[in-house]
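What follows is the residue order along each chain.
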Amino acid sequence: MKNIIEVDFQNAGEAEKAAKIINESKTDEETRAKVSAVAKKEKLTVTITATDFTALRALTTTAMRDLKVIVDGFKIAKSF
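What you are looking at is a predicted structure, and each value in this text was computed from that prediction instead of being measured. (Residues numbered from 1 in each chain as written. Predicted model: local features only at pLDDT ≥ 70, side-chain atom pairs only at ≥ 80, totals over all residues. Heavy atoms only, no water.)

Caption draft 1: Expanded view of the pattern of salt bridges. One pass over the structure, following the stated rule, counts 5 salt bridges. Here Lys 43 and Glu 6 are joined by a salt bridge, their closest N and O atoms 3.6 Å apart. One end of the pair, Lys 43, is in strand 3 (residues 43–50); the other, Glu 6, is in strand 1 (residues 2–8), and 37 residues separate them in sequence. Residue classification places Lys 43 among the partly exposed positions, given a relative accessible area of 32%. Residues Lys 43 and Asp 8 are paired through a salt bridge, measuring 3.6 Å at the closest nitrogen-oxygen approach. With Lys 43 in strand 3 and Asp 8 in strand 1, this pair connects stretches of sequence that are 35 residues apart. Via salt bridges that share partners, Glu 6, Asp 8 and Lys 43 belong to a single interconnected network. (Salt bridge = Lys/Arg side-chain N within 4 Å of Asp/Glu carboxyl O. Helix = DSSP H or I, 4+ residues; strand = E, 2+ residues; numbered from the N terminus. Buried < 20%, exposed > 50% of the residue type's maximum accessible area, 1.4 Å probe, protein only.)

Caption draft 2: Structural detail: the nonpolar core. Phe 9, Ile 22, Leu 44, Val 46, Ile 48 and Leu 67 are the most contacted members of the largest nonpolar core, which totals 21 residues. Broken down by secondary-structure element, the contributors of at least two residues to this core are strand 1, helix 1 (12–23), strand 2 (33–40), strand 3 and helix 2 (53–78). In terms of residue count, the dominant contributor to this core is helix 2 (7 residues). Setting aside residues no more than four positions away along its own chain, Phe 9 makes contact with Glu 14, Ala 15, Ala 18, Glu 42, Leu 44, Ile 70, Val 71 and Phe 74. (Core = buried A, V, L, I, M, F, W, Y, C linked by side-chain atoms within 4.5 Å. Contact = heavy atoms within 4.5 Å.)

Caption draft 3: Summary view of the packing of aromatic side chains. Here the structure, examined in full by the defined rule, presents 1 aromatic pair. Centroid distance Phe 9 to Phe 74: 5.9 Å. Interplanar angle 80 degrees. Geometry classified as edge-to-face. With Phe 9 in the loop between strand 1 and helix 1 and Phe 74 in helix 2, the pair connects residues that are 65 residues apart, well separated along the chain. Comparing Phe 9 with Phe 74 shows no difference in burial state: the two are buried. (Phe/Tyr/Trp six-rings, centres within 6.5 Å; stacked < 30°, edge-to-face > 60°.)

Scope: geometric values only; no functional claims are made or implied.
If you want it as structure tokens, here you go:
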């Protein structure tokens, strides 16, 4: 099973930083779900793969929560 999330950022640098943060998530060979992120220009594509719906839902929720923190962090950094 696979879920793909696409997020547009204001610039390529932010998308690349977000991809790096998402890809730092530790997953091992025995996990039921994995996440990977790729930045192309201003677009971040996050791909979540899982062996079952429960694992897919759980990791999708985690990835979306992480993305919210990343986006909010960029907004806060710009305000200074």
